[in-house]
Amino acid sequence: MSQSVPSHHNIWSLRRVVLLVQAAGFFIILLAISTTVYSFIFSAERALWESRQSDFAITAARLVSNTLEQSQLFMDIINDLDHTAPNFTQVVSNIASRYETVQEVIVLDGNANILASFSTDAPVLSNLFTIRQSNWFLSTRGGENYLGNLQFSSQNIPYIILARPYQKVRGAIAVRLNMEILNQVVEDIRFGETGNAYLVNAEGQILAHSDFNIVERNTNIASRPEFQQAINQAELYFNADYFNFLDREVIGTSLKIEGTNWFIFSEVEQDEAYSTSANANLLLLGGFSALFILAIVGSGLFLQRLVFDRIAQLQSATQQVIAGDLTVQVPIVRMDEIGELATTFNTMTATLSKNTEELRHARDEALVAKEIAQENSRLKSEFLSTMSHELRTPLNAIEGFTGIMLSGMGVQLDAKAYSMVERIGTNSKRLVELVNAFLDISRIESGRMDLVNVPFSPAELAEKWRKQISVLAEQKGIMLTVNIDPALPEKLLGDDDALSKIGQNLLSNAIKFTESGRIVLEMKRDADEWHIIVSDTGIGIPPHARSYIFDEFRQVDGSSTRKYGGTGLGLAIVHKLVRLMNGTIRVDSELGVGSTFTITLPLKTAQTQSTTEAVGS
Ligand code: ADP
């Protein structure tokens, strides 16, 4: 008996499915946690940079506008001075020297004549040839204040020119301001590694930059989007993510400086700005992976002990049961579902083992009973056979003597006595037939009928049967035909006596149940089998009777004994012999048309015999 137990190496084993589902669960949870943490750190970091940069921009803008405001204040003071005072120039110089950023100051009357001038270096404003054409002078003529563009001296020092009308004489006050303060603003207040600031005017020209080369090169960023953004903003603007004019990816802030049309930009490269987030990301990734592996391994081990090991125990116990060991018991670790299953399993094996023991006992008893029954049956058959044998002797004597009496030898019988003796003779013949049939049946049943395996000629056998039956056939006027298949070997191996019993029984039945027509005896080969076929044109056998005519003492109808004679044992003997020869018998019949009995037997010749022996040995 082969049992197939599903292998636990199956790809989609329970363990694999559970671990996969778990892994997916852990993955999702950890991913969610780390994404949240990361985005939190990221936004916190961005907020930090935003506030740092904004602080810086505001401070820088204030510094610049303070400088400008102070200069305005300075000019207001000069405006209040009276130019006719004897030491006017001296006073102007004194005040101017107190302002660090004032490099040069000039006071003009309405005709552009210099009323006072002061300069810490080579004068620029007091060039008499250019004053009348200069923008600042023209602006003040119109009564307006003037704020010039940033310019650079021959020493590369940035300056601007501021001017206002000198109201007392409808003249002008102009100052040249040292704007190195701007460089200080962008240079001093640095932040981080890549933090950077620059000042841009309304035309997009960079006025100050921590890298002075950029200023020197007259860099203009008017066309850049970040500049467009800045000039369109009313207040401080934070730009989270852009490429600046140096093609660096930065975050930055821009702010318009009050009192001017300048903008201060502060920028830091994103790599630096988000370095904490990036580190956090790496850390999270590492931690995440470690946690993930730990969780999988840990829960895998846990499940292994809690579930899979115990299932494996149950499984191997089941295998042991299949292999026949019913004493197996599974240890109960915990009283959970698997524990309950194990308990049930243990109860099951215990019950099975008890039941099997009982069954074994019952089987032993049945075996003993069967042996006794077999012995009884053998004794019965033996008794039957002995009895039949013993009956034959006196019966033969009766038959012999009635024969003698009827032949008229020794005694003279009158007609009445003759008829009585004749009836004694008929009945004793029937009795002898019966006893012979009994003897055959009991021999077969008790297993004492040993079939021999000798060579015989089927054709000769058929001829022998034909001769025996031909007298009867002639008497009844029935045609008797014998057909032997030429394909049938000349010699077969078998028990010709037993075969004769079969053939004679079938032929005598055919004669007995046929009134007119013909009887055919056929022997035919069919591959490694051969057939004995006896067909007649007799009364036929009704369908319901075809199953029981092979039983002992069974006839189609009980009254036929009276009409046709016979014992009801012939077909039973035929059937038993055919079975003993490993053959089969079948009957085809139609009422009133005839019957055909077909015997099929294995074809045994000297050759097949030696081959099977060779195979067998
Ligand atoms: P019997 O001694 O009565 O012939 P058998 O066992 O030989 O006993 O046959 C049993 C019964 O089967 C017969 O009584 C008969 O009714 C039926 N039978 C057997 N052979 C034929 C046949 N060739 N034609 C019709 N009936 C048959």
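Residues numbered from 1 in each chain as written. Predicted model: local features only at pLDDT ≥ 70, side-chain atom pairs only at ≥ 80, totals over all residues. Heavy atoms only, no water.

Undergrad: So what exactly am I meant to see when it comes to the overall build of the protein chain here?
TA: In terms of regular secondary structure, the protein chain is built from 15 helices and 18 strands. For the protein chain, the C-alpha radius of gyration of 67 Å lies well beyond 25 Å, the compact-globule estimate for 617 residues. Taking the principal axes of its C-alpha atoms as reference, the protein chain extends roughly 210 × 55 × 45 Å. Restricting the contact set of the protein chain to residue pairs at least 6 apart, pairs at least 24 apart contribute 62%. Carbon and sulfur atoms make up 56% of the accessible area of the protein chain, which amounts to about 35100 Å² in all. Here the protein chain contributes 51 positive and 69 negative side-chain charges, whose respective centroids are spaced 13 Å apart. (Helix = DSSP H or I, 4+ residues; strand = E, 2+ residues; numbered from the N terminus. Rg over C-alpha atoms; globule rule 2.2 N^0.38 Å. Contact = heavy atoms within 4.5 Å. Areas by Shrake-Rupley, 256 points an atom, 1.4 Å probe, with all protein chains shown as cover. Lys, Arg positive; Asp, Glu negative; His and termini not counted. Charge placed at Lys NZ, Arg CZ, Asp CG, Glu CD.)

Undergrad: What is the right way to look at the site of the ligand in this model?
TA: Near the ligand you find 20 residues, and of these Asn509, Asp536, Gln555, Thr567 and Leu571 are the closest. Between an oxygen atom of the ligand and a side-chain N or O atom of Asn509, the distance comes to 2.8 Å. Asp536 is positioned such that a nitrogen or oxygen atom in its side chain is 2.8 Å from a nitrogen atom of the ligand. Compared with its free state, where it exposes 530 Å², the ligand has 98% of that area covered by protein. Mapped by element, the contributors of at least two residues to the shell around the ligand are α12 (496-512), α14 (570-580) and β18 (594-602). In terms of residue class, the shell around the ligand is built from 9 nonpolar, 8 polar and 3 charged. (Near = heavy atom within 4 Å. Polar contact = N/O pair within 3.5 Å; in protein donor to acceptor, adjacent residues only side chain to side chain. Nonpolar A, V, L, I, M, F, W, Y, C, P; charged D, E, K, R; others polar.)

Undergrad: When you look at the pairing of strand β11 (residues 263-269) in this model, what are you seeing that I'm missing?
TA: Look at any regular strand and the pattern is simple: side chains alternate between the two faces of the sheet. With 6 of 7 residues buried, β11 is to be regarded as a mostly interior element. Note that strand β7 (residues 196-200) and β11 share 5 bridges and pair antiparallel. Each bridged residue has a counterpart across the sheet, and for Leu199 the counterpart in β11 is Ile264. Bridge count between strand β10 (residues 249-256) and β11: 7 bridges; the pairing is antiparallel. In the sheet register, Gly252 faces β11, and the bridge partner there is Glu267. Linking β10 to β11, which pair antiparallel, is a turn of 6 residues; within it Gly259 sits at a positive phi near 80°. (Buried < 20%, exposed > 50% of the residue type's maximum accessible area, 1.4 Å probe, protein only. Pairing = 2+ DSSP bridges.)

Undergrad: Looking at this model, I keep getting lost on the pattern of salt bridges. Mind explaining?
TA: Note that side chains of opposite charge can pair when their charged atoms are close. Within this structure, the stated rule accounts for 16 salt bridges. For Arg310, the salt bridge is made with Asp336, and the minimal N-O distance between the two is 2.7 Å. Placement of the pair is Arg310 in helix α8 (residues 275-322) and Asp336 in the loop between α8 and α9 (337-406), with a sequence separation of 26 residues. Asp336 shares its class with Arg310; the two are buried. The partner of Asp588 in a salt bridge is Arg586, and the shortest N-O contact between them spans 2.6 Å. (Salt bridge = Lys/Arg side-chain N within 4 Å of Asp/Glu carboxyl O.)

Undergrad: Explain the sheet that holds strand β13 (residues 479-484) here, please?
TA: Backbone-to-backbone hydrogen bonds pair the strands of a sheet. The strands run either parallel or antiparallel. Ordered by their spatial adjacency, 5 strands build an open sheet running β13-β15-β16-β18-β17, and the pairing between neighbours is mixed. In the strand order of this sheet, the two ends are held by β13 and β17 (584-590), each with one partner. Recorded for the sheet is a direction-independent mean angle of 10° between the axes of neighbouring strands. (Axes fitted to C-alpha atoms, helices over the stretch in contact; angles between N-to-C directions.)

Undergrad: Mind showing me how you'd approach the packing of aromatic side chains here?
TA: Inspection of every chain in the model, using the stated rule, returns 14 aromatic pairs. Centre to centre, the rings of Phe27 and Phe288 are 5.7 Å apart; their planes meet at 70°, and the pair counts as edge-to-face. Remark: Phe288 occurs in helix α8 and Phe27 occurs in helix α1 (residues 14-80); sequence separation between them is 261 residues. Using a relative accessible area of 13% as the deciding quantity, one classes Phe288 as buried. Between the aromatic rings of Tyr198 and Phe265, the centroid separation amounts to 5.2 Å while the plane-to-plane angle is 5°, which identifies the pairing as stacked. You can see Tyr198 sitting in strand β7 and its partner Phe265 sitting in strand β11, a full 67 residues away along the chain. Assessed through its relative accessible area of 0%, Tyr198 is described here as buried. Three or more aromatic residues joined by ring pairs form one cluster here, namely Phe27, Phe288 and Phe292. A cation over an aromatic ring shows up here: Arg52 above the ring of Trp49, its NZ or CZ 4.4 Å from the ring centre. The side chain of Arg176 reaches across the aromatic face of Tyr159, ending 5.6 Å from its centre. (Phe/Tyr/Trp six-rings, centres within 6.5 Å; stacked < 30°, edge-to-face > 60°. Lys NZ or Arg CZ within 6 Å of the ring centre and 35° of its normal.)

Undergrad: Honestly, the sheet that holds strand β9 (residues 237-243) in this entry has me stumped. Any pointers?
TA: Overall, antiparallel pairing links the 5 strands, which are arranged β8-β7-β11-β10-β9 in an open sheet. A single partner strand is all that each edge strand has here, and the edge strands are β8 (206-209) and β9. Adjacent strand axes in the sheet meet at a mean angle of 25°, parallel and antiparallel pairs treated alike. In this structure, β9 lies alongside β10, joined through 5 bridges in antiparallel fashion. Note on β10: the bridge partner recorded for Phe243 is Glu249.

Undergrad: Just to check I follow, could you spell out the packing of α1 against helix α4 (residues 180-188) for this structure?
TA: For any two helices packed against each other, the geometry is given by the interaxial angle and the distance between the axes. Packing of α1 against α4 leaves a shortest axis separation of 10 Å and a crossing angle of 170°. In terms of axis orientation, α1 runs roughly antiparallel to α4. Two secondary-structure elements touch here, α1 through Phe56, Ala60, Leu63, Val64 and Thr67 and α4 through Ile181, Leu182 and Val185. Looking at the contact of α1 with α4, its residues break down into 7 nonpolar, 1 polar and no charged. (Parallel < 35°, antiparallel > 145°, perpendicular 65-115°, else oblique.)

Undergrad: What is the right way to read helix α2 (residues 88-98) from this model?
TA: Working note: α-helix, 3.6 residues per turn, so residues spaced by three or four point in the same direction. Buried within α2 we find Phe88, Val92, Ser93, Ile95 and Ala96. Those residues of α2 hidden inside the fold are in contact with α1, β1 (102-108), β2 (114-119) and β5 (158-166).

Undergrad: What exactly am I supposed to notice about the pairing of β8 here?
TA: Relative to β8, β7 runs antiparallel, the two sharing 3 bridges. For Tyr198, the partnering residue across the bridge sits in β8 and is His209. Taking the residues between adjacent antiparallel strands as the criterion, β7 and β8 are bridged by 5 residues, where Gly204 takes a positive phi near 90°.

Undergrad: Please clarify how a nonpolar patch on the surface should be interpreted in this entry.
TA: Judged by side-chain polarity, Trp12, Val17, Leu20 and Val21 come together as a nonpolar surface patch covering roughly 420 Å² of accessible area. Examined against the element boundaries, Trp12 turns out to sit in the segment before α1. Trp12 gets classed as exposed once you look at its relative accessible area, which sits at 60%. (Patch = residues over 30% accessible without salt bridge, like charges linked within 9 Å, V, L, I, M, F, W, Y side chains within 5 Å.)

Undergrad: Is there a simple way to explain unusual backbone geometry in this structure?
TA: Most of the time, phi is negative for any residue but glycine, and the peptide bond is trans. Even without a glycine there, the phi angle at Ala112 is positive, about 65°. Structurally, Ala112 can be placed in the loop between β1 and β2. At Ala527, a position not held by glycine, the phi torsion is positive, near 55°. Topologically, Ala527 is positioned in the loop between β15 (518-526) and β16 (529-536).

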